Amino acid sequence: MTIAIEARDVVFSFGQTPALRGASIAVDPGEIVAIMGASGSGKSTLLHCLAGILVPDSGEILFDGARVDSMTEAQRSSLRRDRFGFVFQFGQLVPELTTAENVALPLLLSGTRRAEALRKAYGWFERLGLEGLEQRRPGELSGGQAQRVALARGLVAGPEVLFADEPTGALDSLTGEQVMDLLVTAAREQGTTVILVTHEPRVAAYADREVSVRDGRVNAPDRIAS
Amino acid sequence: MSVPLTLLGLLDREPSHGYDLKREYDAYFGRGKPLPFGQVYSTLSRLARDGKVVISEVGPGEGPDRKRYIITDLGATEVEQWLTQPVEPEPHLQTVLFAKVVLALMLDRPAGEYLDTQRSAHLQRMRELTEIKRGGSLVDALLADHGLYHLEADLRWIEMTGARLDALKKAVRQ
(Lines give C-alpha, C1' and ligand atoms only; values in the text may rest on other atoms or scores of the structure.)
Protein backbone atom coordinates (compact mmCIF):
# COMPACT_ATOMS: atom_id res chain seq x y z
CA MET A 1 0.00 0.00 0.00
CA THR A 2 1.26 3.50 -0.75
CA ILE A 3 2.00 5.87 2.10
CA ALA A 4 -0.19 8.97 2.49
CA ILE A 5 2.22 11.09 4.48
CA GLU A 6 5.60 10.45 5.99
CA ALA A 7 8.29 12.06 8.12
CA ARG A 8 11.82 10.75 7.70
CA ASP A 9 14.43 11.42 10.35
CA VAL A 10 13.06 14.87 11.08
CA VAL A 11 15.07 17.23 13.29
CA PHE A 12 13.61 20.51 14.55
CA SER A 13 14.73 22.96 17.22
CA PHE A 14 13.14 26.03 18.73
CA GLY A 15 16.26 28.18 18.90
CA GLN A 16 18.74 26.22 20.99
CA THR A 17 16.06 23.86 22.31
CA PRO A 18 15.72 20.62 20.35
CA ALA A 19 12.12 19.43 19.91
CA LEU A 20 12.54 16.62 17.36
CA ARG A 21 15.75 14.58 17.21
CA GLY A 22 15.24 12.31 14.24
CA ALA A 23 11.54 11.50 14.24
CA SER A 24 10.11 9.14 11.61
CA ILE A 25 6.54 8.09 10.96
CA ALA A 26 4.65 6.75 7.94
CA VAL A 27 0.86 6.86 7.71
CA ASP A 28 -1.25 4.91 5.22
CA PRO A 29 -4.10 6.46 3.23
CA GLY A 30 -7.29 6.49 5.28
CA GLU A 31 -5.46 5.49 8.44
CA ILE A 32 -6.19 7.18 11.76
CA VAL A 33 -2.99 7.45 13.81
CA ALA A 34 -2.69 8.86 17.30
CA ILE A 35 0.57 10.55 18.25
CA MET A 36 0.94 10.34 22.02
CA GLY A 37 3.49 11.70 24.41
CA ALA A 38 4.02 13.77 27.52
CA SER A 39 4.03 17.56 27.51
CA GLY A 40 7.14 18.79 25.74
CA SER A 41 7.81 15.42 24.08
CA GLY A 42 7.61 16.96 20.60
CA LYS A 43 4.30 15.46 19.48
CA SER A 44 2.69 18.75 18.41
CA THR A 45 5.91 19.84 16.72
CA LEU A 46 5.85 16.62 14.70
CA LEU A 47 2.26 17.32 13.65
CA HIS A 48 3.19 20.87 12.63
CA CYS A 49 6.12 19.58 10.56
CA LEU A 50 3.93 16.95 8.86
CA ALA A 51 1.32 19.62 8.09
CA GLY A 52 3.84 22.00 6.54
CA ILE A 53 3.31 24.61 9.26
CA LEU A 54 6.91 24.21 10.47
CA VAL A 55 9.87 23.42 8.24
CA PRO A 56 12.30 20.85 9.71
CA ASP A 57 15.95 21.77 10.24
CA SER A 58 16.78 18.48 8.53
CA GLY A 59 14.99 15.34 7.40
CA GLU A 60 12.14 14.95 4.95
CA ILE A 61 8.37 15.36 4.92
CA LEU A 62 6.70 13.53 2.04
CA PHE A 63 3.07 13.91 0.98
CA ASP A 64 1.73 12.27 -2.17
CA GLY A 65 5.30 11.71 -3.31
CA ALA A 66 6.31 15.37 -2.99
CA ARG A 67 8.84 16.87 -0.56
CA VAL A 68 6.81 19.25 1.63
CA ASP A 69 9.94 20.42 3.46
CA SER A 70 11.46 21.84 0.29
CA MET A 71 8.31 23.64 -0.91
CA THR A 72 8.05 27.43 -0.83
CA GLU A 73 5.85 29.05 1.80
CA ALA A 74 3.25 29.75 -0.91
CA GLN A 75 3.24 26.11 -1.99
CA ARG A 76 2.88 24.90 1.59
CA SER A 77 0.10 27.41 2.19
CA SER A 78 -1.70 26.12 -0.88
CA LEU A 79 -1.23 22.54 0.29
CA ARG A 80 -2.66 23.31 3.73
CA ARG A 81 -5.64 25.14 2.22
CA ASP A 82 -6.53 22.71 -0.56
CA ARG A 83 -5.56 19.25 0.66
CA PHE A 84 -5.28 19.37 4.46
CA GLY A 85 -7.81 20.06 7.20
CA PHE A 86 -7.16 21.18 10.76
CA VAL A 87 -8.83 20.94 14.16
CA PHE A 88 -7.13 22.46 17.18
CA GLN A 89 -7.73 22.26 20.93
CA PHE A 90 -9.63 25.52 21.01
CA GLY A 91 -11.78 25.65 17.88
CA GLN A 92 -10.21 28.93 16.77
CA LEU A 93 -13.39 29.97 15.01
CA VAL A 94 -13.62 33.48 13.61
CA PRO A 95 -15.84 35.33 16.13
CA GLU A 96 -17.20 37.85 13.63
CA LEU A 97 -18.56 35.18 11.27
CA THR A 98 -21.63 33.01 11.73
CA THR A 99 -20.98 29.33 12.41
CA ALA A 100 -22.10 28.50 8.85
CA GLU A 101 -19.62 31.00 7.43
CA ASN A 102 -16.91 29.55 9.67
CA VAL A 103 -17.56 26.06 8.32
CA ALA A 104 -17.64 27.37 4.74
CA LEU A 105 -14.39 29.31 5.17
CA PRO A 106 -11.96 26.73 3.68
CA LEU A 107 -14.16 26.47 0.59
CA LEU A 108 -14.43 30.25 0.24
CA LEU A 109 -10.64 30.58 0.55
CA SER A 110 -10.22 27.96 -2.17
CA GLY A 111 -12.41 29.97 -4.56
CA THR A 112 -15.72 28.13 -4.22
CA ARG A 113 -18.69 30.44 -4.82
CA ARG A 114 -20.37 31.64 -1.65
CA ALA A 115 -23.77 29.98 -2.26
CA GLU A 116 -22.15 26.64 -3.07
CA ALA A 117 -19.78 26.90 -0.07
CA LEU A 118 -22.66 27.63 2.31
CA ARG A 119 -24.76 24.82 0.86
CA LYS A 120 -21.96 22.35 1.57
CA ALA A 121 -21.43 23.87 5.01
CA TYR A 122 -25.13 23.45 5.91
CA GLY A 123 -24.87 19.76 5.07
CA TRP A 124 -22.33 19.33 7.84
CA PHE A 125 -24.64 20.89 10.45
CA GLU A 126 -27.09 18.07 9.99
CA ARG A 127 -24.34 15.48 9.89
CA LEU A 128 -22.83 16.62 13.18
CA GLY A 129 -26.10 17.28 15.02
CA LEU A 130 -25.75 21.04 14.85
CA GLU A 131 -29.03 21.89 13.11
CA GLY A 132 -30.42 25.27 14.11
CA LEU A 133 -27.04 26.74 15.03
CA GLU A 134 -26.08 27.91 11.55
CA GLN A 135 -26.62 31.61 12.17
CA ARG A 136 -25.15 31.81 15.64
CA ARG A 137 -21.81 33.40 16.38
CA PRO A 138 -19.07 31.24 17.94
CA GLY A 139 -19.47 33.09 21.25
CA GLU A 140 -23.01 31.74 21.52
CA LEU A 141 -21.95 28.08 21.34
CA SER A 142 -21.01 25.61 24.09
CA GLY A 143 -17.50 24.16 24.01
CA GLY A 144 -18.73 20.91 22.49
CA GLN A 145 -20.80 22.70 19.84
CA ALA A 146 -17.88 24.97 18.93
CA GLN A 147 -15.56 21.99 18.56
CA ARG A 148 -18.06 20.20 16.32
CA VAL A 149 -18.23 23.34 14.18
CA ALA A 150 -14.43 23.34 14.06
CA LEU A 151 -14.54 19.68 13.02
CA ALA A 152 -17.01 20.50 10.24
CA ARG A 153 -14.71 23.29 9.07
CA GLY A 154 -11.77 20.87 9.08
CA LEU A 155 -13.62 18.33 6.94
CA VAL A 156 -15.88 20.43 4.70
CA ALA A 157 -13.41 20.68 1.82
CA GLY A 158 -12.84 16.92 1.78
CA PRO A 159 -9.18 17.06 2.86
CA GLU A 160 -6.90 14.12 2.18
CA VAL A 161 -5.35 14.51 5.63
CA LEU A 162 -6.98 15.92 8.76
CA PHE A 163 -4.59 17.15 11.45
CA ALA A 164 -6.19 17.22 14.90
CA ASP A 165 -4.11 18.65 17.74
CA GLU A 166 -5.67 17.77 21.12
CA PRO A 167 -9.17 18.18 19.61
CA THR A 168 -10.86 17.21 22.87
CA GLY A 169 -8.39 18.82 25.25
CA ALA A 170 -10.76 21.60 26.29
CA LEU A 171 -13.86 19.40 26.61
CA ASP A 172 -15.29 17.25 29.40
CA SER A 173 -14.99 13.46 28.97
CA LEU A 174 -18.45 12.78 27.56
CA THR A 175 -18.43 15.72 25.13
CA GLY A 176 -14.89 14.86 24.08
CA GLU A 177 -15.91 11.30 23.26
CA GLN A 178 -18.88 12.53 21.23
CA VAL A 179 -16.54 14.74 19.20
CA MET A 180 -14.12 11.85 18.66
CA ASP A 181 -16.95 9.54 17.61
CA LEU A 182 -18.09 12.11 15.03
CA LEU A 183 -14.53 12.73 13.86
CA VAL A 184 -13.81 9.03 13.31
CA THR A 185 -17.16 8.37 11.63
CA ALA A 186 -16.81 11.33 9.24
CA ALA A 187 -13.16 10.58 8.46
CA ARG A 188 -13.94 6.94 7.66
CA GLU A 189 -16.88 7.91 5.43
CA GLN A 190 -14.65 10.28 3.47
CA GLY A 191 -11.55 8.06 3.54
CA THR A 192 -9.65 10.90 5.19
CA THR A 193 -6.29 10.14 6.77
CA VAL A 194 -6.17 11.49 10.32
CA ILE A 195 -3.13 12.49 12.36
CA LEU A 196 -4.35 12.94 15.90
CA VAL A 197 -2.18 14.38 18.67
CA THR A 198 -3.36 13.58 22.16
CA HIS A 199 -2.03 12.79 25.61
CA GLU A 200 -5.26 11.01 26.56
CA PRO A 201 -5.29 7.21 26.08
CA ARG A 202 -9.07 7.11 25.77
CA VAL A 203 -8.89 9.55 22.85
CA ALA A 204 -6.01 7.63 21.27
CA ALA A 205 -8.13 4.47 21.49
CA TYR A 206 -10.32 5.86 18.69
CA ALA A 207 -7.34 5.62 16.32
CA ASP A 208 -6.28 2.58 14.30
CA ARG A 209 -2.89 2.63 16.00
CA GLU A 210 -0.78 4.82 18.19
CA VAL A 211 2.83 5.95 18.19
CA SER A 212 4.48 7.64 21.12
CA VAL A 213 6.95 10.49 20.97
CA ARG A 214 9.60 10.54 23.64
CA ASP A 215 12.52 12.96 23.73
CA GLY A 216 11.84 14.02 20.16
CA ARG A 217 11.84 10.53 18.69
CA VAL A 218 8.98 8.28 17.61
CA ASN A 219 8.48 4.92 19.22
CA ALA A 220 6.17 2.92 16.99
CA PRO A 221 6.02 -0.65 18.33
CA ASP A 222 3.85 -2.02 15.55
CA ARG A 223 5.50 -0.27 12.64
CA ILE A 224 8.69 1.51 11.74
CA ALA A 225 10.67 3.12 14.51
CA SER A 226 12.98 6.07 14.35
CA MET B 1 0.99 -11.85 42.15
CA SER B 2 2.62 -15.08 40.99
CA VAL B 3 4.70 -16.31 43.91
CA PRO B 4 6.46 -19.11 41.94
CA LEU B 5 7.50 -16.78 39.12
CA THR B 6 8.58 -14.05 41.52
CA LEU B 7 10.75 -16.50 43.49
CA LEU B 8 12.16 -17.83 40.22
CA GLY B 9 12.93 -14.25 39.21
CA LEU B 10 14.80 -13.64 42.44
CA LEU B 11 16.75 -16.87 41.85
CA ASP B 12 17.58 -15.74 38.32
CA ARG B 13 19.60 -12.96 39.90
CA GLU B 14 21.65 -15.31 42.09
CA PRO B 15 21.33 -18.66 43.85
CA SER B 16 19.81 -18.29 47.26
CA HIS B 17 18.51 -20.00 50.38
CA GLY B 18 14.84 -20.18 51.25
CA TYR B 19 15.17 -17.81 54.16
CA ASP B 20 16.90 -15.15 52.05
CA LEU B 21 14.33 -15.55 49.31
CA LYS B 22 11.51 -14.98 51.78
CA ARG B 23 13.26 -11.92 53.20
CA GLU B 24 13.73 -10.40 49.75
CA TYR B 25 10.21 -11.27 48.68
CA ASP B 26 8.76 -9.64 51.79
CA ALA B 27 10.95 -6.54 51.35
CA TYR B 28 10.00 -5.88 47.74
CA PHE B 29 6.72 -7.62 47.08
CA GLY B 30 5.13 -8.48 50.43
CA ARG B 31 3.83 -4.99 51.18
CA GLY B 32 2.67 -5.81 54.67
CA LYS B 33 1.66 -9.37 53.78
CA PRO B 34 4.73 -11.54 54.45
CA LEU B 35 5.07 -14.82 52.59
CA PRO B 36 4.68 -17.72 55.06
CA PHE B 37 7.75 -19.94 55.35
CA GLY B 38 5.62 -22.94 54.56
CA GLN B 39 4.58 -21.43 51.23
CA VAL B 40 8.19 -20.55 50.39
CA TYR B 41 9.39 -24.11 50.84
CA SER B 42 6.39 -25.77 49.28
CA THR B 43 6.79 -23.50 46.24
CA LEU B 44 10.51 -24.23 46.00
CA SER B 45 9.78 -27.96 46.25
CA ARG B 46 7.34 -27.75 43.37
CA LEU B 47 9.82 -25.73 41.32
CA ALA B 48 12.47 -28.39 42.00
CA ARG B 49 10.05 -31.19 41.13
CA ASP B 50 9.26 -29.43 37.82
CA GLY B 51 12.94 -28.98 36.97
CA LYS B 52 12.96 -25.21 37.26
CA VAL B 53 15.39 -25.11 40.18
CA VAL B 54 17.95 -27.53 41.56
CA ILE B 55 19.22 -27.85 45.09
CA SER B 56 22.96 -27.39 45.07
CA GLU B 57 23.95 -28.45 48.54
CA VAL B 58 22.56 -29.56 51.80
CA GLY B 59 24.79 -28.41 54.60
CA PRO B 60 25.36 -30.07 57.95
CA GLY B 61 22.70 -29.83 60.59
CA GLU B 62 19.79 -30.52 58.28
CA GLY B 63 16.95 -27.99 58.14
CA PRO B 64 15.48 -26.41 55.01
CA ASP B 65 17.70 -23.32 55.23
CA ARG B 66 20.73 -25.45 54.45
CA LYS B 67 19.46 -25.93 50.94
CA ARG B 68 20.72 -23.58 48.28
CA TYR B 69 18.47 -23.18 45.27
CA ILE B 70 19.79 -22.54 41.74
CA ILE B 71 17.60 -21.73 38.78
CA THR B 72 17.83 -24.09 35.79
CA ASP B 73 17.75 -23.19 32.11
CA LEU B 74 14.08 -24.22 32.09
CA GLY B 75 13.34 -21.90 35.00
CA ALA B 76 15.31 -19.02 33.47
CA THR B 77 13.42 -19.44 30.20
CA GLU B 78 10.14 -19.28 32.07
CA VAL B 79 11.20 -16.06 33.83
CA GLU B 80 12.30 -14.57 30.52
CA GLN B 81 8.99 -15.43 28.86
CA TRP B 82 7.02 -14.07 31.78
CA LEU B 83 8.91 -10.78 31.78
CA THR B 84 8.73 -10.20 28.05
CA GLN B 85 5.08 -11.13 27.52
CA PRO B 86 2.59 -8.34 28.30
CA VAL B 87 0.09 -9.08 31.00
CA GLU B 88 -3.45 -9.65 29.75
CA PRO B 89 -4.86 -6.13 29.89
CA GLU B 90 -7.56 -6.21 32.53
CA PRO B 91 -8.33 -4.16 35.60
CA HIS B 92 -6.37 -4.60 38.83
CA LEU B 93 -3.19 -6.11 37.40
CA GLN B 94 -0.99 -3.55 39.09
CA THR B 95 0.71 -5.99 41.44
CA VAL B 96 1.86 -8.19 38.56
CA LEU B 97 3.16 -5.23 36.57
CA PHE B 98 4.91 -3.95 39.67
CA ALA B 99 6.63 -7.29 40.26
CA LYS B 100 7.74 -7.47 36.63
CA VAL B 101 9.23 -3.99 36.64
CA VAL B 102 11.11 -4.47 39.92
CA LEU B 103 12.47 -7.87 38.87
CA ALA B 104 13.44 -6.60 35.43
CA LEU B 105 15.47 -3.82 37.05
CA MET B 106 17.05 -6.24 39.52
CA LEU B 107 18.04 -8.52 36.63
CA ASP B 108 19.30 -5.60 34.50
CA ARG B 109 16.70 -6.31 31.82
CA PRO B 110 15.15 -3.60 29.61
CA ALA B 111 12.25 -2.64 31.88
CA GLY B 112 11.42 0.35 29.66
CA GLU B 113 10.88 -1.94 26.67
CA TYR B 114 8.63 -4.18 28.75
CA LEU B 115 6.58 -1.14 29.73
CA ASP B 116 6.34 -0.11 26.06
CA THR B 117 5.08 -3.59 25.16
CA GLN B 118 2.55 -3.42 27.98
CA ARG B 119 1.42 0.05 26.87
CA SER B 120 0.77 -1.30 23.36
CA ALA B 121 -1.21 -4.22 24.74
CA HIS B 122 -3.28 -1.87 26.89
CA LEU B 123 -4.00 0.49 24.00
CA GLN B 124 -4.96 -2.43 21.77
CA ARG B 125 -7.47 -3.55 24.39
CA MET B 126 -8.72 0.04 24.73
CA ARG B 127 -9.26 0.17 20.95
CA GLU B 128 -11.32 -3.03 21.15
CA LEU B 129 -13.42 -1.63 24.00
CA THR B 130 -13.88 1.66 22.13
CA GLU B 131 -15.17 -0.23 19.09
CA ILE B 132 -17.61 -2.11 21.34
CA LYS B 133 -18.73 1.21 22.80
CA ARG B 134 -19.22 2.82 19.40
CA GLY B 135 -21.17 -0.05 17.95
CA GLY B 136 -23.11 -1.29 20.94
CA SER B 137 -25.95 -0.33 23.23
CA LEU B 138 -25.71 2.11 26.12
CA VAL B 139 -25.29 -0.83 28.49
CA ASP B 140 -22.39 -2.12 26.37
CA ALA B 141 -20.93 1.40 26.41
CA LEU B 142 -21.14 1.63 30.20
CA LEU B 143 -19.40 -1.71 30.64
CA ALA B 144 -16.76 -0.77 28.08
CA ASP B 145 -16.22 2.55 29.86
CA HIS B 146 -15.58 0.75 33.14
CA GLY B 147 -12.80 -1.22 31.52
CA LEU B 148 -11.48 1.82 29.66
CA TYR B 149 -11.14 3.93 32.79
CA HIS B 150 -9.31 1.16 34.67
CA LEU B 151 -6.96 0.57 31.74
CA GLU B 152 -6.35 4.29 31.55
CA ALA B 153 -5.36 4.30 35.23
CA ASP B 154 -2.89 1.49 34.51
CA LEU B 155 -1.46 3.49 31.61
CA ARG B 156 -0.93 6.52 33.80
CA TRP B 157 0.95 4.29 36.25
CA ILE B 158 3.00 2.89 33.34
CA GLU B 159 3.91 6.43 32.25
CA MET B 160 4.90 7.49 35.75
CA THR B 161 6.93 4.34 36.28
CA GLY B 162 8.64 4.77 32.92
CA ALA B 163 9.66 8.28 33.94
CA ARG B 164 11.12 7.00 37.22
CA LEU B 165 12.98 3.90 35.98
CA ASP B 166 16.46 5.27 36.61
CA ALA B 167 15.67 6.19 40.20
CA LEU B 168 13.82 2.93 40.74
CA LYS B 169 16.78 0.97 39.40
CA LYS B 170 19.06 2.54 41.97
CA ALA B 171 16.55 1.79 44.73
CA VAL B 172 16.22 -1.93 43.95
CA ARG B 173 19.90 -2.58 43.20
CA GLN B 174 21.34 -1.12 46.39
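Quantities reported herein were computed from a predicted structural model and do not represent experimental measurements.

J.: Describe in detail the sheet that holds strand β4 (residues 58-63) of chain A, supporting the description with residues and values.
T.: The strands making up a sheet associate through hydrogen bonds between their backbones, and the pairing can be parallel or antiparallel. Residues and elements named next belong to chain A. Taking strand neighbours across the sheet as the criterion, the 4 strands line up as β2-β1-β4-β5 in an open arrangement whose pairing is antiparallel. Edge positions in the sheet fall to β2 (17-27) and β5 (66-67), since each of these pairs with one other strand and no more. Note: strand β1 (residues 5-14) against β4, 5 bridges, orientation antiparallel. Bridge pairing in β4 links I5 to F63. Helix α1 (residues 43-50) contacts β1, β2 and β4 of the sheet and is inclined by roughly 120 degrees relative to β1.

J.: Summarise the interface of chain A and chain B; cite the residues concerned and give the values.
T.: Taken together, the contacts link 10 residues of chain A with 11 residues of chain B. The residue inventory of the side of chain A that touches chain B, partitioned by class, reads 5 nonpolar, 1 polar and 4 charged.

J.: Could you give an account of the packing of helix α6 (residues 111-135) of chain B against helix α7 (residues 138-163) of chain B, with specific residues and numbers?
T.: Residue and element names in this part refer to chain B. For the pair α6 and α7, interaxial distance at closest approach is 9 Å and the crossing angle is 165 degrees. When the axes of α6 and α7 are compared, the pair comes out roughly antiparallel. For the pair α6 and α7, the crossing hand works out as left-handed. Contacts between α6 and α7 involve G112, L115, Q118, R119, H122, R125, M126, L129, I132 and K133 from the former and D140, A141, A144, D145, G147, L148, L151, D154, L155, I158, T161 and G162 from the latter. Of the residues belonging to the contact of α6 with α7, the class tally is 10 nonpolar, 6 polar and 6 charged.

Rules and cut-offs
- Residues numbered from 1 in each chain as written.
- Chains lettered and ligands numbered in written order.
- Predicted model: local features only at pLDDT ≥ 70, side-chain atom pairs only at ≥ 80, totals over all residues.
- Pairing = 2+ DSSP bridges.
- Helix = DSSP H or I, 4+ residues; strand = E, 2+ residues; numbered from the N terminus.
- Contact = placed C-beta atoms within 7 Å.
- Axes fitted to C-alpha atoms, helices over the stretch in contact; angles between N-to-C directions.
- Nonpolar A, V, L, I, M, F, W, Y, C, P; charged D, E, K, R; others polar.
- Parallel < 35°, antiparallel > 145°, perpendicular 65-115°, else oblique.
- Left-handed = near helix turned anticlockwise from the far one by under 90°.

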